[in-house]
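# Residue-level structural notes
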Amino acid sequence: MTTAYVLINCDLGSKDDVFSQLKSIREIETQGVFGAYDIITKIKAPNSEIIKNLIISKIRVIARIRSTLTLLGNENEQ
């Protein structure tokens, strides 16, 4: 199982709308944060290719997301 965290920046004033759209994606966990990023999502999947496709097809297409930064866990560390 591979885990990734996606840090998300939204356009000013759009955090609540983006957050609610992310909450409707059943494959991810979503939480609002304070600081340099607006929202963080956690994705668990069998491999990194599935994570990549999920980010591209379901997260990055949401309007008013300005940028994302993906932190991919190392599958070999315990």
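Since the structure is predicted, the reported quantities are computational estimates derived from the model, not experimental observations.

### Concerning the overall build of the protein chain
When helices and strands are counted, the protein chain shows two helices and four strands. Reading the helices (α) and strands (β) of the protein chain from amino to carboxyl end gives β-α-β-β-α-β. Its C-alpha radius of gyration of 12 Å places the protein chain within 12% of the 12 Å reference for a compact globule of 78 residues. Every one of the 78 residues in the protein chain was classed for burial, and the buried ones make up 31%. Counting only contacts in the protein chain whose residues sit at least 6 apart along the sequence, the fraction spanning at least 24 positions is 69%. Total accessible area computed for the protein chain in this model is approximately 5,200 Å², and 50% of it derives from carbon and sulfur atoms. Between the mean site of the 10 positive side-chain charges and the mean site of the 9 negative ones, the protein chain shows a separation of 2 Å.

### Some remarks on the environment of Asp38
Within the fold, Asp38 resides in the loop between strand 2 (28-32) and strand 3 (39-45). For the pair formed by Asp38 and Leu69, sequence separation is 31 residues and the distance between their alpha carbons is 12 Å. The contacts of Asp38, once residues within four sequence positions are left out, are Ile8, Asn9, Cys10, Lys15, Gly32 and Val33.

### Some points on the sheet that holds strand 3
Overall, antiparallel pairing links the four strands, which are arranged 2-3-1-4 in an open sheet. The sheet is open, and its two edges are formed by strand 2 and strand 4 (65-72), each paired on a single side. Ignoring strand direction, the axes of neighbouring strands in this sheet form an average angle of 20°. With seven bridges joining them, strand 1 (residues 2-10) and strand 3 adopt antiparallel strand pairing. Counted as the bridge partner of Leu7 is Ile40 from strand 3. Packing of helix 1 (residues 15-23) onto the sheet brings it into contact with strand 1, strand 2, strand 3 and strand 4, and relative to strand 2 it is tilted by some 160°.

### Considerations on the nonpolar core
One recurring pattern in soluble globular proteins is that nonpolar side chains are buried together. Formed by 17 residues in total, the largest nonpolar core has its most connected members in Ile8, Val18, Leu22, Ile25, Ile28, Ile43 and Ile59. Within the residue set of this core, elements represented by two or more residues are strand 1, helix 1, strand 3 and helix 2 (48-59).

### Let's talk about the pattern of salt bridges
Using the criterion set out here, one finds four salt bridges in the structure. In this structure, Arg66 and Asp11 form a salt bridge, with 3.9 Å as the shortest nitrogen-oxygen distance. Of this pair, Arg66 sits in strand 4 while Asp11 sits in the loop between strand 1 and helix 1, placing them 55 residues apart in sequence. On the basis of relative accessible area, Arg66 is assigned to the exposed category, the value being 52%.

Rules used in this analysis
Residues numbered from 1 in each chain as written. Predicted model: local features only at pLDDT ≥ 70, side-chain atom pairs only at ≥ 80, totals over all residues. Heavy atoms only, no water. Helix = DSSP H or I, 4+ residues; strand = E, 2+ residues; numbered from the N terminus. Rg over C-alpha atoms; globule rule 2.2 N^0.38 Å. Buried < 20%, exposed > 50% of the residue type's maximum accessible area, 1.4 Å probe, protein only. Contact = heavy atoms within 4.5 Å. Areas by Shrake-Rupley, 256 points an atom, 1.4 Å probe, with all protein chains shown as cover. Lys, Arg positive; Asp, Glu negative; His and termini not counted. Charge placed at Lys NZ, Arg CZ, Asp CG, Glu CD. Pairing = 2+ DSSP bridges. Axes fitted to C-alpha atoms, helices over the stretch in contact; angles between N-to-C directions. Core = buried A, V, L, I, M, F, W, Y, C linked by side-chain atoms within 4.5 Å. Salt bridge = Lys/Arg side-chain N within 4 Å of Asp/Glu carboxyl O.

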